Amino acid sequence: MVRPSVLITRRWPEAVEQQLAQNYDVMLNRSDRPLTPDEFRDAIKRYDAVLPTVTDKIGPEALDVAKPQTKILANYGVGYTHIDVERAKTHGIAITNTPDVLSECTADLAMTLMLMVARRAGDGERELRAGNWSGWRPTHLVGTKVSGKTLGIVGFGRIGQEMARRAHFGFGMRIIVFNRSPVPSGTLAQFNAVQVDTIEDLLPQADFVSLHCPGGAANAKMINAARLDLMNDDAFLINTARGEVVDEAALAQALMFDTIGGAALDVFEREPAVNPMLAQCDNLVMLPHLGSATREARQAMGFRVLDNLNDFFDGKAPRDRVA
Ligand code: DGY
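The notes below deal with the structure included here. (Residues numbered from 1 in each chain as written. Predicted model: local features only at pLDDT ≥ 70, side-chain atom pairs only at ≥ 80, totals over all residues. Heavy atoms only, no water.)

Across the sheet, which stays open at both edges, the five strands sit in the order β2-β1-β3-β4-β5 with parallel pairing between neighbours. Looking along the sheet, the strands with just one partner apiece sit at the ends: β2 (25-27) and β5 (94-96). Along the sheet, successive strands turn relative to each other by an average axial angle of 20°, direction set aside. Pairing of strand β4 (residues 72-74) with β5, which is carried by three bridges, proceeds in the parallel orientation. Bridge pairing links A74 to T96 in β5. Where helix α12 (residues 295-313) meets the sheet, it contacts β1 (5-8), β3 (49-51), β4 and β5, and its direction lies at approximately 160° from that of β4. (Pairing = 2+ DSSP bridges. Helix = DSSP H or I, 4+ residues; strand = E, 2+ residues; numbered from the N terminus. Axes fitted to C-alpha atoms, helices over the stretch in contact; angles between N-to-C directions. Contact = heavy atoms within 4.5 Å.)

Overall, the coordinates contain 17 salt bridges when judged by the stated rule. Across the salt bridge formed by E17 and R11, the nearest N and O atoms sit 2.6 Å from each other. Take R11: its relative accessible area is 35%, and that puts it in the partly exposed class. In this structure, D38 and R41 form a salt bridge, with 2.4 Å as the shortest nitrogen-oxygen distance. (Salt bridge = Lys/Arg side-chain N within 4 Å of Asp/Glu carboxyl O. Buried < 20%, exposed > 50% of the residue type's maximum accessible area, 1.4 Å probe, protein only.)

Counting 32 residues, the largest nonpolar core has V209, L211, L228, L237 and L251 as its most contacted members. Those elements that provide at least two residues to this core are β7 (174-178), α8 (199-202), β9 (208-211), α10 (248-256) and β11 (262-265). It is α10 that provides the largest number of residues to this core, a total of five residues. When near neighbours in sequence (up to four residues on either side) are disregarded, L251 contacts L228, L237, V246, I260, A263, L265 and L278. (Core = buried A, V, L, I, M, F, W, Y, C linked by side-chain atoms within 4.5 Å.)

Structure (structure tokens):
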């Protein structure tokens, strides 16, 4: 029996690559270099399945193919706004993602960022490594207490709820939530959380605002200058969602003029490029898109793709089909 041909667009955890190679006729990207739109177009003409990830822009150009061979784009990652879903649908190409398995690790990283920015951990580490620490003193690198404060969560899906769990049960924080659709009262009750109707209601009430909504055109620049103005001048913004959700120029402005207390970003508008204005802001912590970067999560994401692929080629409905 001919095995389906599968292209994996980046290096994946070894155990997953090996398992995929046992089930399928697999092409690995040993150099780990992101593919160009032309290379994607070729891939969509040749492979039964393409397994992309967040760094792969599969837009109209890549999908401009008369007769695609590809029947499924089995994405490695939960976000799939890098794929032109409507164009893929016109070709009848299925799309799957990998929810659940990275929620805890992404929420752990959002907590890391929240604590780092509030407690000035980035400043402290930079000072120490530069050999500039002159010793303990009562006024040295004084930050903001996290425990007991109010956390505003934008987007109350799986990752937002894991964030609420950590903040509420670990740090005694009061949780307020903005979500497009109503959150079931039982879910809110788990964290003693309150849902507000608009972001405008949430921002002035929060000491920390953590973003956990999807990216894409619908949420582009959701946090803009006007909304940053609604935050308190000692409040912090944390973004582990998608770079495009925050207007980076407006954020840099708010940080430079101290109209907010600080920010912590794991994602950027034009990754891997970082807006040079942001790099000048000391009240900002930045990490290079590490949300799901644990051995456990990255392996589980790969095996989740494999499950989706196996179901698809066995003629069953993949559990994570999003289109
Ligand atoms: C995702 O899954 O969408 C992340 O950004 C990568 O973990």
